[in-house]
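What follows is each chain in one-letter form.
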Amino acid sequence: MISFLVVLIFGLAVYGFILNSSKARALAEFNILHSQPHYHGLYSAFMTIVPAIILLIFWSFIVNMISNITLKDFFSDVTDDGLVKFYTEGVIAYVEGTTDRIIDHVGFIPAVEHYQSLQSSNQILKFAVVLMLTLILFKHSLKFVEVTFKARDFIERIVILVMRASAVFAIFVTIGIVLSLLFETLRFFESVNVFDFLFGTHWSPQMAIRADQVGSSGSFGAVPVFVGTLLISLIAMAVAGPIGMYSAIYLSQYASDKVRSYAKPIIEILAGIPTVVYGFFAVITVAPFFRDMGTFLSFTNMSSESAIVAGTVMGIMIIPFVASLTDDALTAVPQSLKEGSLAMGATISETTKQVIIPASFHGIVGSFLLAFSRAIGETMIVVMAAGFAANMTFNPFDSVSTVTVQIVGLLTGDQEFDSPKTLSAFALAFVLFFITLILNVISLAIVKRYREQYE
Amino acid sequence: MSEKLKVAIRNLNVHYGNKQALFDVNLNIMEKEVTSLIGPSGCGKSTLLKCINRMNDLVEICNIKGQILLDSEDINDENQDPVLLRMKIGMVFQKPNPFPKSIYDNVAFGPKLHGMVKSKGELDNIVVQSLSKSGLYDEVKDRLFEPGTSLSGGQQQRLCIARALAVNPEILLMDEPCSALDPIATAKIEDLIAELKQQYTIVIVTHSMQQAARVSDRTAYMHMGELIETGMTKSIFSNPQHEKTQDYITGRIG
Amino acid sequence: MNSITARNKSEKRFKMYGKVAVTVAISFLVILLYNIFSSGISAFKQTYVAVQLDIPANLDKKTLNPRSELNKSFLKMFPDLQSRAEKRAALSLLSKGARYEFKDLLLNNEGKDLKGYYWFLASSDLDMYIKGTVKRQGDTAGRIDEYQMKLIDILQSKNLVELHSNKYLFSSADSREPEMAGIKGAILGSLYAIIIAFLVSFPIAVMSAVYLEKIATKNRFSDIIETNINNLAAVPSIVFGLLGLAIFLNFFELPRSAPLVGGLTLALMTLPTIVIAARAAIKSVPPSIEEAAIGLGASKVQTIFGFTLPLAMPGILTGTIIGIAQAIGETAPLLMIGMVAFVVDAPGGPMDASTALPVQIYLWADSPERAFTERTSAAIMVLLGFLILLNLTAIYLRKKLEKKW
């Protein structure tokens, strides 16, 4: 029934478009209209469709909420919220014909009858009201075709409204992130103390799933996880920093245009490879490499999931970030400075070290911060190459775990959504989000400051 | 004014890729004189200037054929190090380009780089001397550690001159040094040139004939990559031999 | 005086560091690609065993049990086998999927003779040996024992073991048996998700960019939106996964593991990238064109849609393609919203539970079975292939449309 209604509405809209447009076109023969004919058509179409659809959606939503609430009354003796939800969904599914299953509860049959009657009256009422609204607005819109009617202004204002909404949407996304993380984090801190989380040094989130199950209590001291993240990211920066910087220096100061035009895109390719591929590469090539090196140099206590493997591969992934951002910073330095230094008899290396790098220092620092921020937020490489046990160590040959690995581990698989175990993942994510945000803001501020020097 | 030959340019041909910029240029630069290179835009005067301190080496597609002799030694010879060459030749550019360092550090850059001083005291001396020679010292002596970029245009250019002088060069190359400056700053620099030529050989590229007439001893007129005429400034301007020179000077071309 | 030779040496060293750095970076790439390629290329072929069948045309094929019939025919080829252990070893050379192939063969040949040798899928252990991934050591090779090795030698001497092209790779979804596992489900899942991500994020992003560049006044509010978008672009992808989990799965109660949810989550992630690219493209349209349009009486909206956007389209599309390419390779957010379950059927539509290509790669990479290693590499090659295609399209678009103005 509803689909019939929707088709009807769209049909009327098209009809209204055609009617109004042709009326407008007729008028245009003898007058100069404010708005072109198709705008008049659009006006009619808009007035026919939009209010009706909005009402339809709104109506369905409200009715859905109401029926859920009233249905729950039939199962008022059930204490488990999840079970109540299951029952009400069962009633709805039964009435809609998706399933034949009858739930063994005394309230089921009355609930089904109640829902059925609710649905039938609802459908008819909804159909009638929406149809009436549509027809009224349709007829109404036909009256508006006049020379001076500012159809185009109306349509354009709607368009601008849509654009403004789109732009504001971005804010809603951020708010959504902050709220959803914050909400669950706060719930987490109802069970676990904030200071224990931030400063505790023992992380093993085993917790009883059901209250009556005997299980070891969880420890949620996140410091080992933070340390693991830091260790791997620092190793990554140790790899990417020198390679990225020297690459950028060579390509911007020494290389011929031809070499630069080939080498730069090739290095950029490293940035385009999905991180899951890097993770796989870490497992099949890099880990065995380090293991073999370890036995060759007789390191017997090297873990197969050592931090150095994950850190090295992450470093490879980050090279293009460092290289590209540093290159931008170096080439932003005016050529005249380089010429001035060279004219005084400095070599290119002296010029680079004593003039160009100091001149672009802010930009380089900013790029390193951004690369570092990328490293700590990285997930797949560490999930596949680093361990799950949160070891507290700075030894790169040990296995450590990172914030992102813990989040993945805690939230994949079957767990209850509300247990402190899964909530701890949100707390970790909140910390991660917060830190990367701050790093990003600082780095942009630093880069902005250096850019001002040249403008 | 001496009659000693400082720089001899012989049969110089310069190509940028397929385009030829200088055609068979022959020029003598005499010691402790001011030689000016004049001519309409694109005639190759800057290119010629940059050949003298091998700044054209930086341009990949630049191809140099011919001889440039500094004190009878070919500067383009394989055994010659451009770094050493540029210690003997200082350059001042069209737009002042002080480093984003302090005034002191700008001037101290060269001496420190080449290891010319052994103590801080010596370095201080050189900085003060160079700034004095370029007539800037009195204006900045109280703020030597402020950034070089905080000076006015004219001051920045004099800072660049001081910076170039600090390494004790023999030759000073100036590529339209006043084109970005106002008349008062220009006048100051022209006065400076008159003083400096007592110690240094100066080659100046200028698009202003009047400036050439004011500051230089010898003038060379260039046109579309060719050196048309060269001679004592006074005679070039009062009695040019070549028709093209005459056209330029009288304003028929330019 | 600083020695000139010392300075020149230092210069040469410095330059060499630079060259070494560039070489190292490029060789990392080469090593990575070489490893993936060399381990993945073998997955495009699969081992098949020829079994001699003798089924007359008049036999009602529907009465046959494919599995037992196939086993019977196979064992007939080795009349010397006595013990049950030996027979079991022989049968385990065939894949579990062979019985389905046999069934199809029967169905397609109703009323025809089936006499002679027909090819059937071999087990992954045999496949690994034939491809050389698992090497022979005396009488055994990996999981292949002496009985099986003897039979394999016999089969090989009669040319009854061959590599055919691996049709399962692209035509079937995931499976517990590596030789039957394919990426069809993963590809479809990714496709649905990406299309949805594009349809949602592209219009919103372009509208936002137009609004911010052309309509909004430069005030505090628009600055906030701008900073916001720039910050969103740097948020780790896993956080977007959590957002998707919290909002699409928990609040809106959309089906878990559905490409719809994956697509919506990826849309949120790609949004900032496209906005930033679109803004840059719109900014680069010369104002003179717009001034001309407005001078002729066009309204602001008409100017934007009629002139500015078309001219900015190449840049916008290039940025979009780059954003889409990033989204295709994203794994973490999809893990968070559940597109990670082991799903055996390819999804029929965007609401069916499914997996995605990068997630499939992750799952297979985790598997201890050797046979999955080559498949993981093959899946990576397919993924990289898509990415190369997308990027080349972006480059082509940029070059082609740049000439117009």
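Refer to the preceding data block for the structure.
Residues numbered from 1 in each chain as written. Chains lettered and ligands numbered in written order. Predicted model: local features only at pLDDT ≥ 70, side-chain atom pairs only at ≥ 80, totals over all residues. Heavy atoms only, no water.

Quick look at the packing of helix α7 (residues 223-254) of chain A against helix α8 (residues 257-272) of chain A
All names here are of chain A. One way to put it is that α7 packs onto α8 with a least axis distance of 10 Å and a crossing angle of 155°. Comparing the axis directions of α7 and α8 gives the class roughly antiparallel. When the axes of α7 and α8 are compared, the crossing they make is left-handed. Contact residues: Ser 247, Leu 251 and Ser 252 in α7; Arg 260, Ala 263, Lys 264 and Ile 267 in α8. (Axes fitted to C-alpha atoms, helices over the stretch in contact; angles between N-to-C directions. Helix = DSSP H or I, 4+ residues; strand = E, 2+ residues; numbered from the N terminus. Parallel < 35°, antiparallel > 145°, perpendicular 65-115°, else oblique. Left-handed = near helix turned anticlockwise from the far one by under 90°. Contact = heavy atoms within 4.5 Å.)

A few points about the sheet that holds strand β4 (residues 62-70) of chain B
Residue and element names in this part refer to chain B. Pairing is antiparallel across the open sheet formed by 4 strands, whose spatial order is β2-β1-β4-β5. Here the strands that pair on one side only, and so sit at the sheet edges, are β2 (19-30) and β5 (73-74). Packing against the sheet, helix α1 (residues 45-52) makes contact with β1 (5-16), β2 and β4, and its axis sits at approximately 120° to β1. (Pairing = 2+ DSSP bridges.)

Some thoughts on the packing of aromatic side chains
If you walk through the whole model with that rule in mind, you get 25 aromatic pairs over all chains. With a centroid separation of 5.6 Å and 65° between ring planes, the pair formed by Phe189(A) and Phe197(A) is classed as edge-to-face. Phe189(A) sits in the partly exposed class, given a relative accessible area of 23%. Judged by its relative accessible area of 0%, Phe197(A) falls in the buried class. Across the ring face of Phe99(B), the terminal group of Arg163(B) is positioned such that the distance to the ring centre comes to 4.2 Å. (Phe/Tyr/Trp six-rings, centres within 6.5 Å; stacked < 30°, edge-to-face > 60°. Buried < 20%, exposed > 50% of the residue type's maximum accessible area, 1.4 Å probe, protein only. Lys NZ or Arg CZ within 6 Å of the ring centre and 35° of its normal.)

Structural notes on the pattern of salt bridges
Oppositely charged side chains are able to pair whenever their charged atoms sit close together. Inspection of the entire model under this criterion finds 31 salt bridges over all chains. Look at the salt bridges and you will find they share partners, linking Asp127(C), Lys131(C), Glu374(C) and Arg375(C) into a network. (Salt bridge = Lys/Arg side-chain N within 4 Å of Asp/Glu carboxyl O.)

Some thoughts on the sheet that holds strand β3 (residues 161-165) of chain C
Residue and element names in this part refer to chain C. The sheet built from 3 strands is open, its strands ordered β2-β1-β3 with antiparallel pairing. Because the sheet does not close on itself, it has two edges, and the strands there are β2 (114-121) and β3. The sheet shows a mean angle of 45° between the axes of neighbouring strands, direction not considered. Relative to β3, strand β1 (residues 45-55) is paired through 5 bridges, and the arrangement is antiparallel. Paired with Thr 47 across the strands is Leu 163, a residue of β3. Here helix α5 (residues 124-131) sits on the sheet and contacts β1 and β3; the angle it forms with β1, its principal contact strand, is near 120°.

Overview of a nonpolar patch on the surface
All names here are of chain A. Taken together, the side chains of Phe 58, Phe 61, Ile 62, Met 65 and Ile 66 make up a nonpolar region of the molecular surface, amounting to roughly 520 Å² of accessible area. Looking at the secondary structure, you find Phe 58 in helix α2 (residues 37-73). By relative accessible area, which is 54% here, Phe 58 ends up exposed. (Patch = residues over 30% accessible without salt bridge, like charges linked within 9 Å, V, L, I, M, F, W, Y side chains within 5 Å. Areas by Shrake-Rupley, 256 points an atom, 1.4 Å probe, with all protein chains shown as cover.)

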